[in-house]
Amino acid sequence: MTTDSAHSGTATALLPGAEPFEATPESGGGRLGVLLCHGFTGSPQSMRPWAQYLVEAGFRVSLPRLPGHGTHWRDLQSTTWEDWYAEADKALRRLLDDCDAVFVGGLSMGGGLALRLAEVHGAAIRGVAVVNPSVKRNSSREALIPLLARFVPAMPGIASDIKRPGSGELAYDKVPLKAALSLTKLWTTVEADLPKVTAPLLLFRSPEDHVVHPSNSALVLEKVGSTDVTEVLLPDSYHVATLDNDAPTIFADSAVFFRRLAADARATQAPDPAAADGSEAPV
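Residues numbered from 1 in each chain as written. Predicted model: local features only at pLDDT ≥ 70, side-chain atom pairs only at ≥ 80, totals over all residues. Heavy atoms only, no water.

Trainee: Can you help me understand the packing of aromatic side chains in this one?
Mentor: The geometry of an aromatic ring pair is captured by the separation of the ring centres together with the interplanar angle, meaning the angle of the planes. Under the counting rule described, the total for this entry stands at 6 aromatic pairs. Summarising the aromatic geometry, the rings of Y53 and F251 are spaced 5.8 Å apart at their centres and angled 35° between planes, so their arrangement reads as tilted. Here F251 lies in helix α8 (residues 247–269) and Y53 lies in helix α1 (residues 48–56), a separation of 198 residues in the sequence. The buried category is assigned to F251, whose relative accessible area is 10%. Considering the side-chain rings of F59 and F258, the 6.0 Å spacing of their centres and the 75° angle between planes classify their relative orientation as edge-to-face. Of this pair, F59 sits in the loop between α1 and β5 (60–63) while F258 sits in helix α8, placing them 199 residues apart in sequence. Residues F59 and F258 agree in their burial class; the two are buried. What links up through ring pairs into an aromatic cluster is the set F59, F103, F257 and F258. (Phe/Tyr/Trp six-rings, centres within 6.5 Å; stacked < 30°, edge-to-face > 60°. Helix = DSSP H or I, 4+ residues; strand = E, 2+ residues; numbered from the N terminus. Buried < 20%, exposed > 50% of the residue type's maximum accessible area, 1.4 Å probe, protein only.)

Trainee: Would you explain the packing of helix α3 (residues 81–98) against helix α6 (residues 177–192) in this entry?
Mentor: Between two packed helices, the angle of one axis relative to the other and the distance separating the axes together describe the packing. At their nearest, the axes of α3 and α6 sit 8 Å apart, and the two run at 65° to each other. Every residue of α6 that contacts α3 at W81, E82 and W84 is listed here: A179, S182, L183, K185, L186 and T189. Looking at side-chain class alone, the contact of α3 with α6 contains 5 nonpolar, 2 polar and 2 charged residues. (Axes fitted to C-alpha atoms, helices over the stretch in contact; angles between N-to-C directions. Contact = heavy atoms within 4.5 Å. Nonpolar A, V, L, I, M, F, W, Y, C, P; charged D, E, K, R; others polar.)

Trainee: Before we go on, may I ask you to explain empty space enclosed by the protein in this structure?
Mentor: In this approach, a probe sized like a water molecule rolls over the atoms, and the result shows the empty space that is left. Throughout the structure, instances matching the rule amount to 2 cavities of 30 Å³ or more. Taken together, G39, F40, T41, L107, S108, I158, A159, E169, A171, V211, H239 and V240 form the lining of the largest cavity. Grouping the constituent residues of the lining of the largest cavity by class yields 7 nonpolar, 4 polar and 1 charged. Each pocket or cavity is described by its volume, and for the second largest cavity that value is around 40 Å³. As for the second largest cavity, its lining consists of N132, R205, S206, D209, V212, H213, P214 and S217. (1 Å grid on protein atoms, 1.4 Å probe; cavity = no way out; pocket = protein on both sides within 12 Å on 5 of 7 lines; lining within 4 Å. Points joined across faces, edges and corners; volume = space filled by probe spheres on them.)

Trainee: Looking at this structure, how should I read α3?
Mentor: Helical geometry note: an α-helix holds 3.6 residues per turn, so side chains three or four residues apart project in the same direction. Taking 1.5 Å of rise per residue, 18 residues should cover 26 Å, and α3 covers 26 Å from first to last C-alpha, within 8% of that figure. Regarding α3, the residues found buried are W81, W84, Y85, A88, D89, A91, L92 and L95. On the buried face of α3, the contacting elements are β4 (32–37), β5, α2 (73–77), β6 (101–107), α4 (109–121) and α6. (Expected span 1.5 Å × (residues − 1).)

Trainee: Can you walk me through the side chain of S237 in this structure?
Mentor: Structurally, S237 is set in the loop between β11 (229–233) and α8. Taking the relative accessible area as the measure of exposure, S237 reaches 1% and is therefore buried. At 2.8 Å, the side chain of S237 forms a polar contact with the side chain of D246. In this view, S237 contacts K163, S206, E208, D244, N245 and D246; residues no more than four positions away in its chain are not counted. (Polar contact = N/O pair within 3.5 Å; in protein donor to acceptor, adjacent residues only side chain to side chain.)

Such coordinate-based values are descriptive only and should not be taken to indicate function.
If you want it as structure tokens, here you go:
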């Protein structure tokens, strides 16, 4: 049984459905890799349909469970953004070792982590696809997190902001404030280095999002250094759009985006036929 170390020193069982996911296409291949990151207080469950779609489309996919997630909210209390980033980075490096081209994607905080990976790894990442990325403070109340974290362990949760009836997110019903304080430090780090993101960017945004303010996406679009940038609106979804009505758009558009970038990379790397026989290439 997979566990996390809980606050009491005992083991906390993994919630059913919160397991990490990693798969290679049954048809073989898998030379194109995608790392997906879930959101704060959430679990891989919110990203699994996207991951499975990409595998069926021919990609090798890694969807790690970030430390402190998928067990009990108190487990998250003792982790930091560096822990979450390290787990995503470890999964990314495995893909980079095994694949010809690697892409990253994420939902909410997972989008922030994906952007951070692109900031750090530069050209090694061929493209970034984020859904309602979380990279900054959403309201004036969040300015109180450093103070509240000293006195209050948690506040009500932010899970399952989904428009589609019957669809739910496997996530904590509380937000542990020490972890939330660390999340604000991730925001500061990501925002400062957004110009370092030069990989092509595909950003999905729900106009009606009750968790992440649209100013987050606006900031990303304004500050990234990417020249290939596309924004896609998700008019029939709330925050957890990967489980909502517009999920098929996310899945299909991201697959097309990744394949285009992989084809562009192959074309750039392909040897010139004329140069191969010693003749000069046409101008």
